[in-house]
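Take a look at the letters that make up each chain.
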Amino acid sequence: MIWIELGPARLVPRCATHSTVAVVKTIIEPFRIKVVEPLRMTSVETRQRLIREADYNPFRLRAEHVLIDLLTDSGTGAMSSEQWAGVMRGDESYAGARSFFRFEAAVRDLFGHRHVVPTHQGRASERLLCHAVVRPGHVVPGNGHFDTTRANLEASGATALDLPIPEARDPGAPHPFKGNVDVDALEQCLRRHGPARVPFVLVTITSNVVGGQPVSLENLRAVRAVCDHHGVPLWLDAARFAENAWFVKMREPGWADRTPREIARATFALCHGALMSMKKDAFGNIGGLLSLDDDAWAERIRTALILTEGFPTYGGLAGRDLEALAVGLDEVLEEDYLRYRIASTAYVGRHLKDAGVPVLEPFGGHAVYVDARRFCDHLPDERLPGWSLCVALYEHAGIRACEIGNVMFGRPDPDTGSWTWPALDLVRLAFPRRVYTQAHMDYVIEALVELHARRHAIPGLRFVHRPETLPHFTARFAPAHG
Ligand code: F0G
């Protein structure tokens, strides 16, 4: 199904409705609002002062000074009334709490593995898995490791190897499953290193690093066959598994009539284990998990879990969190929700594109990415186009976005002082789940289109202080002036 529009603010499916009965086709937010959180309006002048006081780093702003916060879709979602009811039901017993068994049942129903281990968030799952099975000299291939995953693998002495299909590196390539693994490259990698050096293959659904792009089940089956051939387990990073399932339903032949839950189950049936940040597709404000069949690995993971996270039936979470996550895992697979979720992301992307704003395509599940080098084509790399655009967007409209580009990945050569810049300098607009309405998104679109019209007035920035590791969180900047 392809989404088309009726009028300026309407998204409708181009479905075959030749019936004589008129059908309302507008896709709406499939929820109503019971609790509201006021947003604070600020003036351009105030925001110019606030961002100057924050040394031109949006991470250093107070959230209450942000009107629309698109920094991340992680842990920022709105919980449903059922999830809040779960919070009240939470059993806070240290060991064997009822809430754990509810959580375990919800996870097992979907993932299908024997062992279910809760953790406080995705990167804790990554660390536990690495601690259990990754050793110096190992290689862990995948479609594109998220940065905390990469950092955890590297901290264990392993090489994190990205083997995406070639289309993933082309920002405009119209491939329906740009998150796919390059199966031939994986085969070569496993042939070269073998199971002795590859503890597992890790495929991320959807692939965040290439823009929330999905992985097809056909590709996963091919990956599994290569893994089986070489005796290497296949793992999934399932942070956005429901969004991936929806893309499969919409785009992959043979799956249109299956429910998202059936598709998710078919996905997890292909892997030996999965880790997940439940701050995304489980509607959690906190939470993570590991799900696996291997008894020996599970024992090692649980031993480390007790040291650093907590007892195996709470894993760093409260009983109330486990309840809310169990409900969230169900709700995220509702068709009305997923239809609205993916359509609303595409809505923002297409409006920006139609107005000439350079965006990456196809649009992903959780975010739209602006190509900042093309947006700010008057700024050379050392004037940090993506970061400058983020600052300008905040000053102009109070919107906070995240640069994924020159500041995050640019590296100075310690000897010559010259810089290496990443292939793409992007600004990510990540959409919190069930938080903002279409009117908020129309505001975002309008703000970016206005800014695009006078983009050449956006001043460049320069570093005042750049920490060596993860510079984007704490770096300080100043206007570059020429
Ligand atoms: N894996 C993926 C694919 C992610 O996107 C993230 C987090 C993690 C693992 C780590 O999970 O935050 O719960 O520890 N992504 C967030 C983002 C931070 O903004 O994309 P976590």
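Residues numbered from 1 in each chain as written. Predicted model: local features only at pLDDT ≥ 70, side-chain atom pairs only at ≥ 80, totals over all residues. Heavy atoms only, no water.

**Student:** For helix α3 (residues 98-111), give the residues involved together with the corresponding values.
**Tutor:** Between the first and last C-alpha of α3 there are 20 Å, a value that for 14 residues agrees with the 20 Å anticipated at 1.5 Å per step. Among all positions in α3, only Ser99, Phe100, Phe103, Glu104, Ala106, Val107, Leu110 and Phe111 are buried. Burial along α3 is one-sided: seen end-on, the buried residues are contained in an arc of 165°. Immediately beyond the C-terminal end of α3, within one or two residues, lies glycine 112, with a positive phi of roughly 80°. (Helix = DSSP H or I, 4+ residues; strand = E, 2+ residues; numbered from the N terminus. Expected span 1.5 Å × (residues − 1). Buried < 20%, exposed > 50% of the residue type's maximum accessible area, 1.4 Å probe, protein only. Arc of directions from axis to C-beta.)

**Student:** Explain the site of the ligand residue by residue, including any values.
**Tutor:** Thr72, Arg123, Asp237, Ser277 and Lys280 are the nearest of the 16 residues found near the ligand. Glycine 122 places a polar main-chain atom, nitrogen or oxygen, 2.9 Å from an oxygen atom of the ligand. Side-chain polar atom of aspartate 237 to a nitrogen atom of the ligand: 2.7 Å apart, as the coordinates give it. Protein chains shield 93% of the accessible area of the ligand, which is 480 Å² for the free molecule. For the shell around the ligand, the element with the highest residue contribution is helix α4 (residues 122-133), accounting for 3 residues. Its residues assigned to classes, the shell around the ligand comprises 1 nonpolar, 8 polar and 7 charged. (Near = heavy atom within 4 Å. Polar contact = N/O pair within 3.5 Å; in protein donor to acceptor, adjacent residues only side chain to side chain. Areas by Shrake-Rupley, 256 points an atom, 1.4 Å probe, with all protein chains shown as cover. Nonpolar A, V, L, I, M, F, W, Y, C, P; charged D, E, K, R; others polar.)

**Student:** Which residues make up the packing of helix α8 (residues 241-251) against helix α9 (residues 260-268), and what are the values?
**Tutor:** Closest axis-to-axis distance for the α8/α9 pair is 9 Å, and the angle between their directions is 110°. Taken together, the axes of α8 and α9 are roughly perpendicular relative to one another. Across from Phe241, Ala245, Trp246, Val248 and Lys249 in α8, the residues of α9 making contact are Pro260, Ile263, Ala264 and Phe268. (Axes fitted to C-alpha atoms, helices over the stretch in contact; angles between N-to-C directions. Parallel < 35°, antiparallel > 145°, perpendicular 65-115°, else oblique. Contact = heavy atoms within 4.5 Å.)

**Student:** Got a sec to walk through the side chain of histidine 145? Specific residues and values, please.
**Tutor:** Counting through the fold element by element, histidine 145 comes out in the loop between β5 (139-142) and α5 (147-155). Within the local environment of histidine 145, its side chain forms a polar contact with the backbone oxygen of valine 140, the two atoms lying 2.8 Å apart. Once residues lying within four places of it in the same chain are set aside, the contact partners of histidine 145 are Val140, Arg150, Leu153, Ala160, Leu161, Asp162, Leu202 and Val209.

**Student:** Any chance you could break down the sheet that holds strand β13 (residues 402-404) for me, citing the residues and the numbers?
**Tutor:** As summarised here, the arrangement of the 3 strands in space is β11-β16-β13, forming an open sheet in which the pairing is antiparallel. Only two strands of the sheet have a single neighbouring strand rather than two, namely β11 (367-371) and β13. On average, adjacent strands in this sheet sit at an angle of 30° to one another, irrespective of strand direction. (Pairing = 2+ DSSP bridges.)

**Student:** Tell me what's going on with the packing of α3 against helix α11 (residues 319-331), and back it up with residues and numbers.
**Tutor:** When two helices pack together, their arrangement is given by the angle between the helix axes and the distance between those axes. In the contact formed by α3 and α11, the axes pass within 8 Å of each other and the chain directions differ by 25°. One way to sum up the angle between α3 and α11 is to call them roughly parallel. The two elements α3 and α11 cross, and the hand of that crossing is left-handed. Every residue of α11 that contacts α3 at Ser99, Phe100, Arg102, Phe103, Ala106, Val107 and Leu110 is listed here: Gly319, Leu322, Glu323, Leu325, Ala326 and Leu329. Residue composition of the contact of α3 with α11, by class: 9 nonpolar, 2 polar and 2 charged. (Left-handed = near helix turned anticlockwise from the far one by under 90°.)

**Student:** Any details on the nonpolar core? Residues and values, ideally.
**Tutor:** Membership of the largest hydrophobic core comes to 59 residues, with the highest contact counts inside it found for Phe111, Val201, Val203, Phe241, Phe268, Met276 and Leu329. Here this core spans two domains, since at least three of its residues come from each of domain 2 (44-66 + 335-479) and domain 3 (81-331). When sequence neighbours within four positions are dropped, the list of residues in contact with valine 201 reads Pro141, Leu186, Leu190, Val223, Cys227, Val232, Pro233, Leu234 and Trp235. By size, the runner-up hydrophobic cluster in this structure holds 34 residues, among which are Ile68, Ala372, Leu393 and Phe431. (Core = buried A, V, L, I, M, F, W, Y, C linked by side-chain atoms within 4.5 Å. Domains from an automatic or database assignment.)

**Student:** Break down the domain arrangement of the protein chain for me, with residues and values.
**Tutor:** Quoted interface sizes are often the accessible area lost when the parts come together. Domain boundaries assigned for the protein chain yield domain 1 (1-27), domain 2 (44-66 + 335-479) and domain 3 (81-331). Measuring from the centre of the C-alpha atoms in domain 2 to the corresponding centre in domain 3 gives 28 Å. Each partner contributes to the interface: domain 2 provides 19 residues, whereas domain 3 provides 26 residues. By the criterion of area lost to domain 3, the three top residues of domain 2 are Leu338, Pro362 and Arg433, representing 30% of everything that side buries. Across the domain 2-domain 3 interface, the total number found is 5 salt bridges. Across the pair glutamate 331 and arginine 434 runs a salt bridge, and its minimum N-O distance is 3.0 Å. If you look at where domain 2 meets domain 3, you find 13 residue pairs in polar contact (both at pLDDT 80 or more). Those elements giving two or more residues to the side of domain 2 that touches domain 3 turn out to be α12 (335-354) and β11. (Buried area = accessible area lost by both parts, 1.4 Å probe. Salt bridge = Lys/Arg side-chain N within 4 Å of Asp/Glu carboxyl O.)

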